[in-house]
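Read off the chains here:
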Amino acid sequence: MSRRVLVLAHTGREESLKAAWEACAQLHASGIVPVMQKSELGDMEGFFGRLEQPVEVLHDHVQLPDVELVMVLGGDGTILRAAELVREVDVPLLGVNLGHVGFLAESERADLTQTVEWIASRDYTVEERMTIDVQVWVRGQKIWHTWALNEAAIEKGNRERMLEVVTEVDERPLTSFGCDGVVLATPTGSTAYAFSAGGPVVWPEVEALVIVPISAHALFAKPLVVSPRSRLAVEVLNRTDAQGVLWCDGRRSVDLPPGARVEVTKSATPVRLARTHQTPFSGRLVRKFQLPIHGWRGPVPQSEEVHTGPVPIVRTPRPMAPLSAPSLDGLPRAAQPFAGPDEDSDPPTGK
């Protein structure tokens, strides 16, 4: 049976079209059938003309469960769109970054040929990233239900009006405050919107949920990291008539009237990301954010037999003996320091 790889690209950009054309040609040369969505294939053929290699059309010639891998050409936004596409099927995503940071991408544009070789030789692993389940309630009625890989962000709907909210964990209120919004993020989303709002960076292997207030008018409204088994909630208070809006991964939104309640829990369906590098997450942070690491010496090299050197002895100078007090017997009484009345002398009378 032929192997099939879905090529998903941001066809609104010329660089993405060129990368998709190269990827399809290289996949075909490696014995893999490239698959594209009908609209994106039409955009590519409109730019380059009819392709020399055959490309199957998703939903016309092949269905998603028959695809081995989705090769995503673009930035994090394109990868989030691909995650929506494969939400209900067990197909991993492998991102090739054509954007700016591209934190979800596995390789860069210059590594496209090498990435195709890794796919052809199945030289990749798959890791699961936690997602969240998001529900919106208004007056006891559930009006919206969706999910997110990065975050659910509650924001103020009007630029001139501050949003009044109360945060809640495990059905217990924490605090209320005015703010520009609140971000409820996954570890994957901790380096996205939550990071920009001042939240902590959480390693993907750590299962946790993050609450990050945005420009909160409160002294103790700080970012929180809570258990993945917790139920988070944010309620839009009725103190004012300020409207809110909920954005999930920056792609799906719903209006939040006063009194609306947003509930977030860990989802049972993760997103699967293909990895071709075994670089630890700390290395990815340094590379993507271009962090300064000058002066790093690295770990101490380990040998089979470790010899401990001699312990240095630091000699301190011996302290000098205190000088003995001079005898006062030979001095006149007036020259001797006053030490208070003698024990056998009469107490002062005050006269």
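Every value quoted in this text rests on a predicted model; they were computed, and no experiment measured them.

About the thresholds
Residues numbered from 1 in each chain as written. Predicted model: local features only at pLDDT ≥ 70, side-chain atom pairs only at ≥ 80, totals over all residues. Heavy atoms only, no water. pLDDT = per-residue confidence, 0-100. Contact = heavy atoms within 4.5 Å. Pairing = 2+ DSSP bridges. Helix = DSSP H or I, 4+ residues; strand = E, 2+ residues; numbered from the N terminus. Axes fitted to C-alpha atoms, helices over the stretch in contact; angles between N-to-C directions. Core = buried A, V, L, I, M, F, W, Y, C linked by side-chain atoms within 4.5 Å. Buried < 20%, exposed > 50% of the residue type's maximum accessible area, 1.4 Å probe, protein only. Patch = residues over 30% accessible without salt bridge, like charges linked within 9 Å, V, L, I, M, F, W, Y side chains within 5 Å. Areas by Shrake-Rupley, 256 points an atom, 1.4 Å probe, with all protein chains shown as cover. Salt bridge = Lys/Arg side-chain N within 4 Å of Asp/Glu carboxyl O.

Draft legend 1. Seen up close, the confidence of the model for the protein. Per-residue confidence for the protein gives a mean pLDDT of 88, with 89% of residues at or over 70. Predicted confidence is poor over residues 341-345, with pLDDT under 50, and the contacts of this stretch with residues over four places away or in other chains come to 1 contact.

Draft legend 2. Up close: the sheet that holds strand E13 (residues 181-185). Taken together, the 6 strands give an open sheet; going across it, the order is E15-E14-E13-E10-E17-E18, and neighbouring strands pair in antiparallel fashion. Both outer strands of the open sheet, strand E15 (224-226) and strand E18 (252-256), are each paired with one neighbouring strand and no more. Taken over all neighbouring pairs, the strand axes of this sheet differ in orientation by 15 degrees on average, direction set aside. Sheet analysis places E13 next to strand E14 (residues 209-214), joined by 5 bridges and oriented antiparallel. Paired with Val-182 across the two strands is Pro-213, which belongs to E14.

Draft legend 3. Examining the nonpolar core more closely. With 31 residues, the main nonpolar core has Leu-246 and Leu-256 as its most contacted residues. Counting residues per element, this core draws most heavily on strand E8 (residues 132-138), which supplies 4 residues. With residues near it in sequence (within four places) discarded, Leu-246 still touches Val-134, Val-136, Trp-144, Ala-152, Ala-153, Ile-154, Arg-252, Ser-253, Val-254, Leu-256 and Val-262. In terms of nonpolar packing, the next biggest core, distinct from the first, is built from 27 residues, Leu-17, Met-36, Leu-51 and Leu-69 among them.

Draft legend 4. Quick peek at a nonpolar patch on the surface. On the surface, Trp-21, Phe-47 and Phe-48 cluster together to form a nonpolar patch covering roughly 280 Å² of accessible area. Here Trp-21 is to be found in helix H1 (residues 14-29). Exposure remark for Trp-21: the relative accessible area of 35% places this residue in the partly exposed category.

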